Amino acid sequence: MNMHPVDSEEIFSIGYSQSKQELHVELSTSTNAYLNVPSYIFQGLMSAASKGEYYNVYIENSFEHRQVTEA
C-alpha cells in the first residue's frame, strides 16, 4: 500500500486501498489498519485542516482495526 506523508503532529502518513476499503494510519507509536472504511472518510481525512482532529473524531474509535508491522 502506498503511504502518503502528511503535515500533522500526530499522523506521519496515510494509505488507502479503495478495493479493500482499508485505511492505514501511521502514528508515532504504531501503524494501524482500519477496516471497512468508506472512501469519503479517507477523502475527508486527506482534506481536513487538522488531520489529527479528524482522525480522533471520525476514525480512531469508529472502525475495527488492527496494528500492522509494515505499511
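Provided above is the structure to which this section pertains.
One structure accompanies this document, and this report is about it. No experiment lies behind these values; they were computed from the predicted model shown. (Residues numbered from 1 in each chain as written. Predicted model: local features only at pLDDT ≥ 70, side-chain atom pairs only at ≥ 80, totals over all residues. Heavy atoms only, no water.)

**So, helix α1 (residues 39-47)**
The set of residues buried in α1 consists of Ile-41, Phe-42, Gly-44 and Leu-45. Projected down its long axis, α1 shows its buried positions confined to an angular sector of 160 degrees, all on one face. Those residues of α1 that are exposed and aimed more than 90 degrees away from the buried face are Tyr-40 and Ser-47. Where α1 is buried, its residues meet β2 (11-17), β3 (22-27) and α2 (51-59). (Buried < 20%, exposed > 50% of the residue type's maximum accessible area, 1.4 Å probe, protein only. Helix = DSSP H or I, 4+ residues; strand = E, 2+ residues; numbered from the N terminus. Arc of directions from axis to C-beta. Contact = heavy atoms within 4.5 Å.)

**Brief notes about the side chain of Ser-30**
Here Ser-30 lies in the loop between β3 and β4 (31-34). Look at Ser-30 and you get buried, because its relative accessible area is 14%. Those residues in contact with Ser-30, other than ones at most four positions away along the chain, are Val-25 and Gln-67.

**Details of the environment of Thr-69**
Assignment of secondary structure puts Thr-69 in the segment after β5 (65-68). Distance from Thr-69 to His-4, taken between C-alpha atoms, is 17 Å for residues 65 residues apart in sequence.

**Topic: the packing of aromatic side chains**
Counting across every chain of the model gives 3 aromatic pairs. Relative to Phe-42, the ring of Tyr-16 lies with its centre 4.7 Å away and its plane at 10 degrees, an arrangement referred to as stacked. Residue Tyr-16 is found in strand β2, and its partner Phe-42 is found in helix α1; the two are separated by 26 residues along the sequence. Overall, Tyr-16 belongs to the buried group, its relative accessible area being 15%. Residue Phe-42 is classed as buried on the basis of its relative accessible area, which comes to 17%. A centroid spacing of 4.6 Å and a plane angle of 40 degrees characterise the contact between Tyr-54 and Tyr-58, whose relative ring orientation is tilted. (Phe/Tyr/Trp six-rings, centres within 6.5 Å; stacked < 30°, edge-to-face > 60°.)

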